[in-house]
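# Overview (structure and organization)
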Amino acid sequence: SLPAKLINGGIAGLIGVTCVFPIDLAKTRLQNQQNGQRMYSSLSDCLIKTIRSEGYFGMYRGAAVNLTLVTPEKAIKLAANDFFRHHLSKDGKKLTLLREMLAGCGAGTCQVIVTTPMEMLKIQLQDAGRIAAQKKLMAAQAQLSSSPAAAAAEPAVETRTTATQITRELLRSKGIAGLYKGLGATLLRDVPFSIVYFPLFANLNKLGQKDPNVKAPFYVSFLSGCVAGSTAAVAVNPCDVIKTRLQSLQRGVNEDTYSGILDCTKKIWQREGPTAFFKGAYCRALVIAPLFGIAQVVYFIGIAEFLLDMLPKHRA
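Since the model is a prediction, treat every value here as computed from it, not as a measurement. (Residues numbered from 1 in each chain as written. Predicted model: local features only at pLDDT ≥ 70, side-chain atom pairs only at ≥ 80, totals over all residues. Heavy atoms only, no water.)

With that settled, the discussion passes to the overall build of the chain. A count of helical and extended segments in the chain gives 12 helices and zero strands. Counting from the amino terminus, the chain carries its helices and strands in the arrangement α-α-α-α-α-α-α-α-α-α-α-α. Within the span of the chain, comprising 316 residues, buried residues form 49% of the whole. When contacts within the chain are restricted to residue pairs at least 6 apart in sequence, those whose partners lie at least 24 apart make up 79%. When the accessible surface of the chain is totalled, it reaches about 15,600 Å², and 66% of it is carbon and sulfur. (Helix = DSSP H or I, 4+ residues; strand = E, 2+ residues; numbered from the N terminus. Buried < 20%, exposed > 50% of the residue type's maximum accessible area, 1.4 Å probe, protein only. Contact = heavy atoms within 4.5 Å. Areas by Shrake-Rupley, 256 points an atom, 1.4 Å probe, with all protein chains shown as cover.)

Printed below as a string of structure tokens:
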């Protein structure tokens, strides 16, 4: 049933995000730093410096936004894919690869309704610590230098903002469009991701089915979700880098600003080289693999169906 699908998708999203959020934070910070202003050299370096400067819970900055909105996002994504697969199938026959890709395309298009504002708010909170740390470092370097202006330099103090404050400011200044900045880049990432992910998962999962009418074991669904998720994540990472840069409202010292997808692509290619499009790719793979592995296990086991079935018994 649709309610069960939505509940399963929501539970899957909550569990997955809680497990992998620190890696997602590192991915955002690694993708946003530009040449000449590198604060972090790797995933582990980013997490260690984050804990030292912001504490353990600094790794979960922006998690509240994600945990709030990931439920409808994952629910829409998984339920929409099922919906399109059902309506694209002919008399219960096996879907062709093209139709599986079309179903994934439909799912990816539907989810951006929630994904874009969620990512927009999350990125501001995740990257705030990097910008504050960069300003502190610049201030410390200025104080150690011999320039006259250095004597007057004071350490930068980070002013923490909340998702609610950012939302209010964006709605006040730009209206609802402010929350949908980077919508085109989000579509450019999520639609190809779903086109790759869902058909790949479905076909990998079928390999573990002894009978077409019986679900594959949970570990097969988990591994299929991990492999399909990490493959799709790396494939669309260039689009994710562009999306992250476009949705970042605050910039570090001497960092580029972008007017759109083409401008962002051109500047990254010219100033940072083609390898910059794969910044944070391994972090994204580490995030997406368990996230979608867990999501598919929860979704296919059907926790919601179990809970809904228990309600009449409990009342009885």
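Okay, back to it.
Right, let's get into the packing of aromatic side chains. The tally for this structure, following the rule as stated, stands at eight aromatic pairs. Judged by centre distance (6.1 Å) and plane angle (15°), the rings of F21 and Y60 are stacked. One end of the pair, F21, is in helix 1 (residues 2-32); the other, Y60, is in the loop between helix 2 (43-54) and helix 3 (63-88), and 39 residues separate them in sequence. Taking relative accessible area as the criterion, F21 reaches 1% and is therefore assigned buried. Plain terms: the ring middles of F83 and F84 are 5.4 Å apart, the flat faces sit at 80° to each other, and that makes the pair edge-to-face. Through pairs of rings, three or more aromatic residues link up here, namely F21, Y56, F57 and Y60. (Phe/Tyr/Trp six-rings, centres within 6.5 Å; stacked < 30°, edge-to-face > 60°.)

Right, let's get into a nonpolar patch on the surface. A surface patch of nonpolar side chains, amounting to about 430 Å² of accessible area, comprises F218, Y219, F222 and L223. With respect to the element layout, F222 can be found in helix 8 (residues 218-235). A relative accessible area of 31% places F222 in the partly exposed class. (Patch = residues over 30% accessible without salt bridge, like charges linked within 9 Å, V, L, I, M, F, W, Y side chains within 5 Å. Salt bridge = Lys/Arg side-chain N within 4 Å of Asp/Glu carboxyl O.)

As a further point, take helix 4 (residues 97-144). End to end, helix 4 covers just 62 Å across 48 residues, shorter than the expected 70 Å (1.5 Å per residue, more than 12% under). Of all bends in helix 4, the biggest is about 50°, found at V112. (Expected span 1.5 Å × (residues − 1). Bend = angle between axes of the 7 residues up to and from the residue.)

Going through the model one piece at a time under the given rule, you end up with one cavity of 30 Å³ or more. For the largest cavity, the lining is made up of 23 residues, of which K74, E119, R284, I288 and L291 are closest to its centre. For the lining of the largest cavity, the secondary structure elements donating two or more residues are helix 1, helix 3, helix 4, helix 7 (183-206) and helix 11 (281-301). (1 Å grid on protein atoms, 1.4 Å probe; cavity = no way out; pocket = protein on both sides within 12 Å on 5 of 7 lines; lining within 4 Å. Points joined across faces, edges and corners; volume = space filled by probe spheres on them.)

Here the focus is the pattern of salt bridges. Under the definition given, this model contains 19 salt bridges. The closest approach of N and O atoms between R172 and E169, which form a salt bridge, is 2.6 Å. One end of the pair is R172 and the other is E169, both in helix 6 (residues 163-174) and three residues apart, which spans about a single turn. Close ionic contact of R271 with D256 constitutes a salt bridge, the shortest N to O distance being 2.5 Å. Of this pair, R271 sits in helix 10 (residues 261-272) while D256 sits in the loop between helix 9 (237-247) and helix 10; the two residues are 15 residues apart in sequence, bridging distant segments of the chain. The exposure class assigned to R271 is partly exposed, which follows from its relative accessible area of 48%. One salt-bridge network, in which partners are shared between bridges, spans D24, K27, E119, K122, R189, D190, D240, K243 and R284.

To continue, consider the packing of helix 4 against helix 7. Following both chains from N to C, one finds helix 4 and helix 7 inclined at 135°, their axes separated by 7 Å at the closest point. In terms of orientation, helix 4 lies oblique with respect to helix 7. Between helix 4 and helix 7 the crossing geometry is right-handed. Residues that form the contact of helix 4 with helix 7 fall into these classes: 12 nonpolar, nine polar and five charged. (Axes fitted to C-alpha atoms, helices over the stretch in contact; angles between N-to-C directions. Parallel < 35°, antiparallel > 145°, perpendicular 65-115°, else oblique. Left-handed = near helix turned anticlockwise from the far one by under 90°. Nonpolar A, V, L, I, M, F, W, Y, C, P; charged D, E, K, R; others polar.)

Here we take up the state of the cysteines. Across all of its chains, the model carries zero disulfides by this definition. Lacking any disulfide linkage, C110 is separated from the closest cysteine sulfur, that of C105, by 9.4 Å. (Disulfide = S-S within 2.5 Å.)

Time to look at the confidence of the model for the chain. Considering every residue of the chain, the mean pLDDT works out to 83; 87% of them sit at 70 or more. When pLDDT is averaged over each element of the chain, helix 9 comes out on top at 94 and helix 5 (residues 148-151) at the bottom at 49. (pLDDT = per-residue confidence, 0-100.)

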